[in-house]
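Secondary and tertiary structure notes
Single-letter residue listing:
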Amino acid sequence: MTYILVTGGAGYIGSYACKALKTAGFVPVTYDNLVTGWRDAVKFGPFEQGDLNDRARLDEVFATYKPSAVIHFAALSQVGEAMQEPGRYWANNVGGSLTLIQAAVAAGCLQFVFSSTCATYGDHDNVVLDEGTPQLPLNAYGASKRAVEDILKNFEAAFGLRSVIFRYFNVAGADPEAEVGEFHRPETHLIPLMLDAIDGKRDALTVFGTDYETSDGTCIRDYVHVCDLVDAHVLGLTWLQEGKESRVFNLGTGTGFSVMEVIDQGRVITNRPVPYSVGPRRAGDCTKLVSGSTRAAAELGWTPGRSTMKQMISDAWRWHQTGHYES
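A brief structural summary.

Cut-offs and rules
Every chain begins its residue count from 1, and numbering advances along the sequence as written. Local features in a predicted model are, by the rule used here, given only for residues with pLDDT of at least 70; side-chain atom pairs are given and counted only at 80 or more, and totals for whole chains, interfaces and linings are based on all residues. The side-chain numbers reported here are obtained from all heavy atoms of the structure, hydrogens and water having been left aside. Strands here mean DSSP runs of E at least two residues long; helices mean DSSP runs of H or I at least four residues long; both are numbered from the N terminus. When accessible area is computed with a 1.4 Å probe and restricted to protein chains, residues below 20% of their type maximum are described as buried, those above 50% as exposed, and intermediate ones as partly exposed. Pairs of N or O atoms are called polar contacts if they sit within 3.5 Å, as long as, within protein, a hydrogen donor faces a hydrogen acceptor (for residues adjacent in sequence, only side-chain-to-side-chain pairs). Note on contacts: a residue pair qualifies if any of its non-hydrogen atoms lie within 4.5 Å across the two residues. Think of a nonpolar core as a cluster: buried Ala, Val, Leu, Ile, Met, Phe, Trp, Tyr and Cys residues, connected wherever their side-chain atoms sit within 4.5 Å. Strand pairing requires that DSSP identify at least two bridges connecting the strands. When two rings of Phe, Tyr or Trp (its six-membered ring) have centres within 6.5 Å they constitute a pair, described as stacked for plane angles under 30 degrees, edge-to-face for angles over 60, and tilted for the intermediate range. We count a charge as sitting over a ring when the NZ of a lysine or the CZ of an arginine lies within 6 Å of the ring centre and within 35 degrees of the ring normal. Only one rule defines a salt bridge in this text: a Lys or Arg side-chain nitrogen within 4 Å of an Asp or Glu carboxyl oxygen.

A few points about the side chain of D196
Examined against the element boundaries, D196 turns out to sit in helix α6 (residues 190–198). The class of D196 is buried, set by a relative accessible area of 11%. Polar side-chain contacts of D196 include one of 3.5 Å to the side chain of H320. Setting aside its immediate chain neighbours within four residues, D196 contacts K201, R202 and H320.

And the structure:
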């Protein structure tokens, strides 16, 4: 059996990645501290509870399973929080990743797939981002992810650790079979917040700013279906297993949706009104951020075939009506 260590495997993206890995013939080993993840979401392989900064615990897990690769999702990821608590982001995202990387190298596990972010680019309005776009992060979240990318480069030069780095923006949708899905407490992402408002689980969705220089005044983001995103990570793992060189890939559709466009689609798909109110802009939010995936298409053969707003909201709505975790 080929074991793959999946950090953050009890979270939204990580849990579905574990399902995809199992389908592809791997045994995913979830490593998660359950601060934001859910034990109930671990359904497709062994679970090991632990913190990224606990080197002894990581060494124990590497010794037990001898994974051939790491897929690293675990991170703090809220822009607003990162603006207010930068130290927490550096300690967790950078410190924890460094400890994980050191443990992997010590165990001889030299294949590493890293879930980074297009937030490393900062604010590049009205352009389609590619892998050569200058990285000028605006907050501790983006900066911490860029720092981990640099660590991976250093460890490749010193120890031969090869990596595939994925940079992407908003992830949406859910497992089409509704086995796992997005379930945050508290929730901060637009689509599940909108679905909560539609379903009466909150009074209204808050739209943060309607004075951006866009057609309807609301900011624009690129969305990728969680299924498409996870497919890319499996392709990245295969890339490394085939002995190919380290590589960075952007993952996006090259187009974006404004907040109001998402709301309009939610109204159509659910056939229900979307209660919302308008609030002030949030610190750290950019006007328009979209990413292309030309390199991923050409080299990995990846296409975001499920990443239409209709499909993402439909899958999320199906999960939203039936899916949740208790612990």
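Regarding the nonpolar core
Within the largest apolar cluster, 35 residues are counted, with the highest numbers of intra-cluster contacts made by I4, I13, L21, F166, Y168, V226 and L251. Among the secondary structure elements, those contributing two or more residues to this core are β1 (3–7), α1 (12–23), β4 (69–72), β7 (162–168), α7 (226–241), β12 (247–251) and α9 (294–300). Per-element tally for this core: the top contributor is α7, with nine residues. Every residue in contact with Y168, bar those within four places of it in the chain, is listed here: I13, F73, S115, S116, T117, C118, L229, H233 and L251. Counting residues in hydrophobic clusters, the runner-up holds 29 residues, among them L58, V94, L100 and A103.

A short note on the sheet that holds strand β10 (residues 220–221)
Strand pairing within a sheet occurs via backbone hydrogen bonds; the two strands may be parallel or antiparallel. Strand order in this open sheet of four strands is β6-β15-β10-β13, and the pairing throughout is mixed. With partners counted over all chains shown, the strands left at the sheet margins are β6 (128–129) and β13 (257–258), one partner each. Where β10 meets strand β15 (residues 288–291), two bridges bridge the pair, whose relative direction is parallel. Residue pairing across strands places R221 opposite L289, the latter belonging to β15.

Looking at the packing of aromatic side chains
This model, assessed by the stated rule, comprises five aromatic pairs. Ring plane angle 40 degrees and centroid distance 5.4 Å describe the contact between F155 and F159, whose orientation is recorded as tilted. Placement of the pair is F155 and F159 together in helix α5 (residues 140–159), with a separation of four residues, close to one helical turn. Under the relative-accessibility criterion, F159 is labelled partly exposed at 46%. Three or more aromatic residues link up through ring pairs in this structure, and these residues are F166, W239 and F249. The residue whose ring lies beneath R185 is F183, and the NZ or CZ to ring-centre distance is 4.2 Å.

Looking at the pattern of salt bridges
Tallying each qualifying case throughout the model produces 18 salt bridges. Across the pair R295 and E131 runs a salt bridge, and its minimum N-O distance is 4.0 Å. Taken together, the positions of R295 in helix α9 and E131 in the loop between β6 and α5 put the pair 164 residues apart, joining distant regions of the chain. In this structure E131 comes out as buried when scored by relative accessible area, which is 17%. The closest approach of N and O atoms between K244 and E242, which form a salt bridge, is 3.3 Å.

Here's the deal with the pairing of strand β5 (residues 111–115)
Along a regular strand, successive side chains alternate from one face of the sheet to the other. Most of β5 is tucked away: five of the five residues are buried. Across the two faces of β5 the burial is the same, with Q111, V113 and S115 and F112 and F114 all buried. As defined by bridge partners, β4 adjoins β5 across three bridges and the pair is classed as parallel. Residue pairing in the sheet places H72 in a bridge with F114 of β5. Both β5 and β7 contribute to a ladder of five bridges, which runs parallel. Looking across to β7, one finds that Q111 is bridged to R162.

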